[in-house]
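Report on the structure
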Amino acid sequence: MARAVEDFLRAAGLPLQDANLEGTPERVTEAWVSEFLDGYARTPEAALGETFPAPPDSSGELVVVTNLRFHSMCPHHLLPFTGRAHVAYVPRSRVVGFGRLSALVDCFAHRLILQEDLARQVAGSLARVLGSPATACIIEAEQACMRLRGDHQRDAVTHAEAYEGGLRRDGALRRELWARLGARR
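What you see is a predicted model; the values in this text were computed from it and never measured.

If you tally the helices and strands in the protein chain, you get 7 helices and 6 strands. Listed N to C, the secondary structure of the protein chain is α-α-α-β-β-β-β-α-α-β-α-β-α in terms of helices and strands. Here the C-alpha coordinates of the protein chain stretch approximately 65 × 35 × 20 Å along the principal axes. By the burial criterion, 41% of the 185 residues in the protein chain qualify as buried. Within the protein chain, residue pairs in contact and separated by at least 24 positions form 68% of the contacts whose partners lie at least 6 positions apart. When the accessible surface of the protein chain is split by element, carbon and sulfur atoms take 52% of a total near 10,300 Å². Where the 22 positive side-chain charges of the protein chain centre and where its 23 negative ones centre are 6 Å apart.

Take the sheet that holds strand S2 (residues 63-73) next. Ordered by their spatial adjacency, 4 strands build an open sheet running S2-S3-S5-S6, and the pairing between neighbours is antiparallel. Edge positions in the open sheet fall to S2 and strand S6 (158-165), since each of these has one partner strand only. Adjacent strand axes in the sheet meet at a mean angle of 15 degrees, parallel and antiparallel pairs treated alike. By the bridge criterion, 9 bridges tie S2 to strand S3 (residues 80-90) in an arrangement that is antiparallel. Each bridged residue has a counterpart across the sheet, and for Phe-70 the counterpart in S3 is Gly-83. The strands touched by helix H7 (residues 172-181) within the sheet are S2, S3, strand S5 (134-143) and S6, with S5 carrying the most contacts at an inclination of about 40 degrees.

Further remarks concern the packing of aromatic side chains. Tallying each qualifying case throughout the model produces 2 aromatic pairs. Between Trp-32 and Phe-36, the aromatic rings sit 5.1 Å apart at their centres with planes inclined by 80 degrees, giving edge-to-face as the arrangement. Placement of both Trp-32 and Phe-36 in helix H2 (residues 24-36) is noted, with a separation of 4 residues, approximately one turn of the helix. Look at Phe-70 and Phe-81: their rings are 5.9 Å apart centre to centre, the planes differ by 80 degrees, and that puts the pair in the edge-to-face class. Of the two residues, Phe-70 is situated in strand S2 and Phe-81 in strand S3; the sequence distance between them amounts to 11 residues. Residue Phe-70 shares its accessibility class with Phe-81, and that shared class is buried.

Before going further, it helps to examine the nonpolar core. Counting residues in hydrophobic clusters, the biggest one holds 34 residues, and the most contacted among them are Phe-70, Val-87, Leu-101 and Leu-118. Among the secondary structure elements, those contributing two or more residues to this core are helix H3 (44-48), S2, S3, strand S4 (94-96), helix H4 (98-109), helix H5 (115-130), S5 and S6. Among the elements that take part in this core, H4 stands out by supplying 7 residues, more than any other. Once residues within four sequence positions are removed from consideration, Leu-118 is found in contact with Phe-70, Phe-81, Val-105, Phe-108, Ala-109, Ile-113 and Ile-139.

Turning our attention to the side chain of Asp-38. Structurally, Asp-38 is set in the loop between H2 and H3. Among the polar contacts made by the side chain of Asp-38, one reaches the side chain of Arg-42 at a distance of 2.4 Å. Setting aside residues up to four positions removed in sequence, Asp-38 forms contacts with Trp-32, Val-33 and His-110.

Criteria and cut-off values
- Residues numbered from 1 in each chain as written.
- Predicted model: local features only at pLDDT ≥ 70, side-chain atom pairs only at ≥ 80, totals over all residues.
- Heavy atoms only, no water.
- Helix = DSSP H or I, 4+ residues; strand = E, 2+ residues; numbered from the N terminus.
- Buried < 20%, exposed > 50% of the residue type's maximum accessible area, 1.4 Å probe, protein only.
- Contact = heavy atoms within 4.5 Å.
- Areas by Shrake-Rupley, 256 points an atom, 1.4 Å probe, with all protein chains shown as cover.
- Lys, Arg positive; Asp, Glu negative; His and termini not counted.
- Charge placed at Lys NZ, Arg CZ, Asp CG, Glu CD.
- Pairing = 2+ DSSP bridges.
- Axes fitted to C-alpha atoms, helices over the stretch in contact; angles between N-to-C directions.
- Phe/Tyr/Trp six-rings, centres within 6.5 Å; stacked < 30°, edge-to-face > 60°.
- Core = buried A, V, L, I, M, F, W, Y, C linked by side-chain atoms within 4.5 Å.
- Polar contact = N/O pair within 3.5 Å; in protein donor to acceptor, adjacent residues only side chain to side chain.

Geometry only, nothing functional implied.
Now the structure itself:
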């Protein structure tokens, strides 16, 4: 990867002997391997970690964690997007620690992934791994692709939603989720 970065800098016509570019290929490689693409080395099961018995009589009640900050990379231009994920699920028999939901978001965000797919992967993994009858992931993000390229929409915020199970249908449970998020639908 470092050699490819060096080749990229050379192909861009940049002077590799410039003091500011010394070590750049190695720094770029370290950032990509350990911060931007490390999600490929994780599974949803590992991200969610240990599960615990759901509280008795908790059937049908939402667990919601909002404003989970994340960063990711768009696969189309290799530009970053950052934002907040809002994750919800209805426990069946197992629950996870709240921090593990953030780890699940990062498991997928630290890959080359579209925002829409990030939301789908998180919601789908919660449904599959926890056996949850209803899950959701709502992503609000600022896309460098939109802010720095093309029309330069610096104030644009993109939204992607994914629902599984009982939250897939618009109904009381989904309205409850959106009420907790403070939005009107």
